[in-house]
Amino acid sequence: MKKIRVLVVDDTAVMRKIVSEVVDRDPEMETAGVAANGRIALQRVNQVSPDLITLDMEMPEMNGIEMVRELRKTHPRIPVIMLSSLTVKGAEATFDALQAGASDYVAKPARSIGIPATLQQLQTELLPKIRHFFPKKKEVLPVLAPRSTSLAQKRRQRIEVVAIATSTGGPNALARVFEQLKEPLPVPVVIVQHMPPIFTRTLAERLDACSGMKVVEGEEGQALQAGHAYLAPGGYHMETKREGVRVVLRLNENPPENSCRPAADVLFRSVAACYGGSTLAVVMTGMGRDGFLGTQVICDRGGVAVAQDQASSVVWGMPSFLAKEGLAESVLPLDQIAGEISKRVSASMQLR
């Protein structure tokens, strides 16, 4: 079986060696080459024909963002995984790289943890992401007709909240949805995007700047308001809870679900408990199956679900479970999701 060939790009010799060692330890992968900056890496791409690139952000001569922009002019499909520092500056640079065409990112381990811990962290976080871009068996899953059990009930209920779940490819997908929401929705929106602390606050600020919605990172005890969107903070599960006439956010550090915290299933279950069938669930690009079980609960309560389609997803993992199980009433390209949300919410406002 052909191994996945990885080009490792980093300006420090130690990090190049560590990432290469992590890759070479996996029997399904091998290091195709290394480079100390983006300019050298572009030459290596033509020399060694890698299947995937791991890319540092800060490098001399040509940094990671500049390299991604140049690479995409000639190689639009090679997956690029950024190694990002867990800082505000690192978060900003990561979003710029994703916007420029990077496929995903991994948090770069802190230097203080030592080489053995760094190797372990990269093995745990980097290797699964590499594998996900090379599924052993590519399949085009059938999109089933939505379950008929509660469709009549669904169409009689107003939508009072929109719940969104996304992961790999999510920052760009969310930006596309929110920039198309020119006017605030007459309901609140709650979001889980799988990201670490600092990154979620930066993402909320970016979404807020491009949208007609007010987008913030969710806070403990915050009351949900129409026209506002609340992004679960990295490292915390976010839930909704009804307190009298208000619905407020509750944050906790309970164990991860689906290896995630925040997890969409946690949020979706709480939304179903608060709003029942008055929920619109939207599951977009991302690896894994987080959001699937939570969507089942929402649909069992009479809610409606929409999924992003395979062609427009960076990774068609999370939305694929809704499609193949018939949970999604609509399976749509990314550019149609904002319109679908607006249309469904607006139409539901006419119902009593």
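Anything mentioned here points back to the structure above.
Residues numbered from 1 in each chain as written. Predicted model: local features only at pLDDT ≥ 70, side-chain atom pairs only at ≥ 80, totals over all residues. Heavy atoms only, no water.

Visitor: It is not clear to me how the overall build of the protein should be interpreted in this structure. Could you clarify?
Guide: When helices and strands are tallied, the protein shows 12 helices and 14 strands. Relative to a compact globule of 352 residues, whose C-alpha radius of gyration would be 20 Å, the protein shows 21 Å and is just as compact. By residue count, 54% of the 352 residues in the protein fall in the buried class. The long-range share in the protein, meaning contacts at least 24 apart out of those at least 6 apart in sequence, stands at 73%. In the protein, which carries 42 positive and 38 negative side-chain charges, the distance between the mean positions of the two groups comes to 4 Å. (Helix = DSSP H or I, 4+ residues; strand = E, 2+ residues; numbered from the N terminus. Rg over C-alpha atoms; globule rule 2.2 N^0.38 Å. Buried < 20%, exposed > 50% of the residue type's maximum accessible area, 1.4 Å probe, protein only. Contact = heavy atoms within 4.5 Å. Lys, Arg positive; Asp, Glu negative; His and termini not counted. Charge placed at Lys NZ, Arg CZ, Asp CG, Glu CD.)

Visitor: I keep staring at the nonpolar core and nothing clicks. Help me out?
Guide: One broad rule of soluble globular proteins: the nonpolar side chains tend to lie buried together. Core analysis: the biggest nonpolar cluster contains 57 residues, and Ile53, Val162 and Phe178 have the highest contact counts within it. By residue number, the principal contributor to this core is helix α4 (residues 88–100), which donates six residues. Look past the residues within four positions of Phe178 in its chain and what remains in contact with it is Ile164, Val189, Ile191, Leu207, Cys210, Ser211, Gly212, Met213, Val215 and Ala229. (Core = buried A, V, L, I, M, F, W, Y, C linked by side-chain atoms within 4.5 Å.)

Visitor: Can you help me understand the packing of aromatic side chains in this one?
Guide: Aromatic rings considered in pairs are described by the distance between their centres and by the relative angle of their planes. Under the defined criterion, the tally for this structure stands at three aromatic pairs. Centre to centre, the rings of Tyr105 and Phe199 are 5.3 Å apart; their planes meet at 15 degrees, and the pair counts as stacked. Residue Tyr105 is located in strand β5 (residues 104–107), and its partner Phe199 is located in helix α8 (residues 199–210); the two are separated by 94 residues in the primary sequence. For the residue pair Tyr105 and Phe199, the accessibility class agrees, reading buried in each case. Ring centres of Phe292 and Phe321 lie 5.7 Å apart, and the angle between their planes is 40 degrees; on these two criteria the pair is classed as tilted. Of the two residues, Phe292 sits in helix α10 (residues 292–300) while Phe321 sits in helix α11 (residues 318–324), which places them 29 residues apart along the sequence. Side by side, Phe292 and Phe321 carry an identical accessibility label, which is buried. (Phe/Tyr/Trp six-rings, centres within 6.5 Å; stacked < 30°, edge-to-face > 60°.)

Visitor: Sorry, what's going on with the side chain of Glu340 here?
Guide: Here Glu340 shows up in helix α12 (residues 334–348). At 3.2 Å, the side chain of Glu340 and the side chain of Ser330 are in polar contact. The contacts of Glu340, once residues within four sequence positions are left out, are Val306, Ser330 and Leu332. (Polar contact = N/O pair within 3.5 Å; in protein donor to acceptor, adjacent residues only side chain to side chain.)

Visitor: What is the right way to look at the packing of helix α7 (residues 170–180) against α12 in this model?
Guide: Across the interface, α7 lies against α12 with an axial gap of 8 Å and an inter-helix angle of 45 degrees. The angle between α7 and α12 falls in the class oblique. In this structure, α7 meets α12 at a crossing whose hand is right-handed. For the pair formed by α7 and α12, the contact residues are Ala173, Arg176, Val177 and Gln180 on the first element and Leu334, Asp335, Ile337, Ala338 and Ile341 on the second. (Axes fitted to C-alpha atoms, helices over the stretch in contact; angles between N-to-C directions. Parallel < 35°, antiparallel > 145°, perpendicular 65-115°, else oblique. Left-handed = near helix turned anticlockwise from the far one by under 90°.)

Visitor: Sorry, what's going on with unusual backbone geometry here?
Guide: One can expect most non-glycine residues to show negative phi and most peptide bonds to be in trans. The step from Arg261 to Pro262 runs through a cis peptide bond, and the omega angle for that step is 15 degrees. Following the sequence through the fold, Pro262 ends up in the loop between β11 (246–252) and α9 (264–275). One non-glycine residue, Glu61, adopts positive backbone phi at about 70 degrees. Structurally, the position occupied by Glu61 is in the loop between β3 (52–56) and α3 (64–74). Overall, the relative accessible area of 58% leaves Glu61 in the exposed class.

Visitor: Before we go on, may I ask you to explain the environment of Val248 in this structure?
Guide: Position of Val248 relative to the elements: it lies in strand β11. By relative accessible area, which is 1% here, Val248 ends up buried. Sequence separation of Val248 and Arg16 is 232 residues, and the distance between their C-alpha atoms is 46 Å. Excluding its chain neighbours within four sequence positions, the residues that come into contact with Val248 are Gly221, Gln222, Ala223, Glu239, Thr240, Lys241 and Glu243.

Visitor: I'm lost on the sheet that holds strand β9 (residues 228–231) in this one. Help?
Guide: Hydrogen bonds along the backbone pair up the strands of a sheet, which may run parallel or antiparallel. An order of β8-β9-β7-β6-β12-β13-β14 is seen for the seven strands of this open sheet, with the pairing classed as parallel. Strands with a single pairing partner mark the edges of an open sheet, and in this sheet they are β8 (214–217) and β14 (330–332). Each strand axis lies, on average, 20 degrees off the axis of its neighbour in the sheet, ignoring direction. When strand β6 (residues 161–166) meets strand β12 (residues 279–283), the two strands line up parallel, connected through five bridges. Each bridged residue has a counterpart across the sheet, and for Ala163 the counterpart in β12 is Ala281. Along the sheet, α7 contacts β6, β7 (189–193), β8, β9 and β13 (304–308); its crossing angle with β7, the most-contacted strand, is approximately 160 degrees. (Pairing = 2+ DSSP bridges.)

This is a description of form; function is not addressed.
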